[in-house]
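Structural characterization, general
Each chain, written out:
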Amino acid sequence: YLSNSNIGTLLANPRDFGKPSKENINFLLGRFFHVSMLEPDKLNEFDVVEASTRNTKVYKEASIKKGSMLLLSKEVDQLNLAIDDMKSNNELSSQIYDDSSEYEVPMISDFFGVEFKGKADIVNKDKIIDIKTTSSINKFRSSASAYNYDSQAFIYSSMFGKPFEFFVIDKATRQMK
């Protein structure tokens, strides 16, 4: 199956197609945000270290022991503020936690003879919602272009037969769109 990530790889560097992606702190932060919002019972999957940066001895030793990138406690604290803000935003929260909402819904569909797989963050009676964090709410439109969110919206909207909408929060300012 292909996924939206494959589209990005094929556009950016086709030679990397099929290769595992490298660890990335923004993906780890985004995953923590998603799990906290939609699957809090899985938060124990994350390891958090009390270190000021990833260059400290404490962090490096913990990361080597775990064999992967870890979250810094200050990052978790900042994300928890964003999570609390999004959950307390009545307009967004009422749609995220609507009684009809289903979370992390997988789907496979055929596009032009090629099977694509996807997993929608939230599917409710009205639409598909994808929650995103960003380092700059004012630059999200250009980030969306850089990360091919347009193709994600097309694929998921086609798969589920519903409109697609992004709910975005700035990790620093906690502004939402």
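Here the structure is shown first, and the text comes after it.
Okay, the overall build of the protein next. Across its full length, the protein carries 7 helices and 6 strands. Order of helices (α) and strands (β) in the protein, N terminus to C terminus: α-α-β-α-β-α-α-β-β-β-α-α-β. On C-alpha atoms alone, the protein measures out to a radius of gyration of 17 Å, which is about the 16 Å that the 2.2 N^0.38 rule sets for 177 residues. Each of the 177 residues in the protein was classed as buried or not, and the buried ones make up 42%.

Applying the stated rule across the entire model yields 10 aromatic pairs. Where F111 meets F154, the ring centres are 5.9 Å apart and the plane angle is 55°; that geometry is what we call tilted. Linking F111 in strand β3 (residues 102–111) with F154 in helix α7 (residues 149–160), this pair joins segments that are 43 residues apart in sequence. In this structure F111 comes out as buried when scored by relative accessible area, which is 10%.

Another aspect to go through is the packing of helix α2 (residues 25–38) against helix α4 (residues 73–88). It is the contact of α2 with α4, at a shortest axis distance of 10 Å, that shows an interaxial angle of 45°. Comparing the axis directions of α2 and α4 gives the class oblique. Where α2 crosses over α4, the handedness of that crossing is right-handed. Contact with α2, carried on its side by I25, L29, F32, F33, S36 and M37, involves E75, V76, L79, N80, A82, I83, M86 and K87 of α4 and no other residues of that element.

Moving on, we get to the pairing of β3. Both faces of the sheet carry side chains from a regular strand, because those side chains alternate between them. Here β3 pairs with strand β4 (residues 114–123) via 9 bridges, running antiparallel. Paired with V105 across the two strands is A120, which belongs to β4. Connecting the antiparallel pair β3 and β4 is a turn made up of 2 residues, with F112 showing a positive phi of about 55°.

So, about unusual backbone geometry. Its identity is not glycine, yet F112 carries a phi of approximately 55°, on the positive side. If you trace the backbone, F112 turns up in the loop between β3 and β4. On the basis of relative accessibility, which here comes to 78%, the residue F112 falls in the exposed class. Unusually for a residue other than glycine, R174 sits at a positive phi of about 65°.

Here we come to the side chain of H34. Within the secondary structure, H34 sits in helix α2. Only 2.7 Å separates the side chain of H34 from the side chain of D121, close enough to count as a polar contact. A polar side-chain atom of H34 sits 2.9 Å from the main-chain carbonyl oxygen of I131. Apart from the residues lying within four places of it in its own chain, the contact partners of H34 are E39, E104, D121 and I131.

Quick notes on the rules
Residues numbered from 1 in each chain as written. Predicted model: local features only at pLDDT ≥ 70, side-chain atom pairs only at ≥ 80, totals over all residues. Heavy atoms only, no water. Helix = DSSP H or I, 4+ residues; strand = E, 2+ residues; numbered from the N terminus. Rg over C-alpha atoms; globule rule 2.2 N^0.38 Å. Buried < 20%, exposed > 50% of the residue type's maximum accessible area, 1.4 Å probe, protein only. Phe/Tyr/Trp six-rings, centres within 6.5 Å; stacked < 30°, edge-to-face > 60°. Axes fitted to C-alpha atoms, helices over the stretch in contact; angles between N-to-C directions. Parallel < 35°, antiparallel > 145°, perpendicular 65-115°, else oblique. Left-handed = near helix turned anticlockwise from the far one by under 90°. Contact = heavy atoms within 4.5 Å. Pairing = 2+ DSSP bridges. Polar contact = N/O pair within 3.5 Å; in protein donor to acceptor, adjacent residues only side chain to side chain.

Everything listed is a geometric property; what it means functionally is a separate question.
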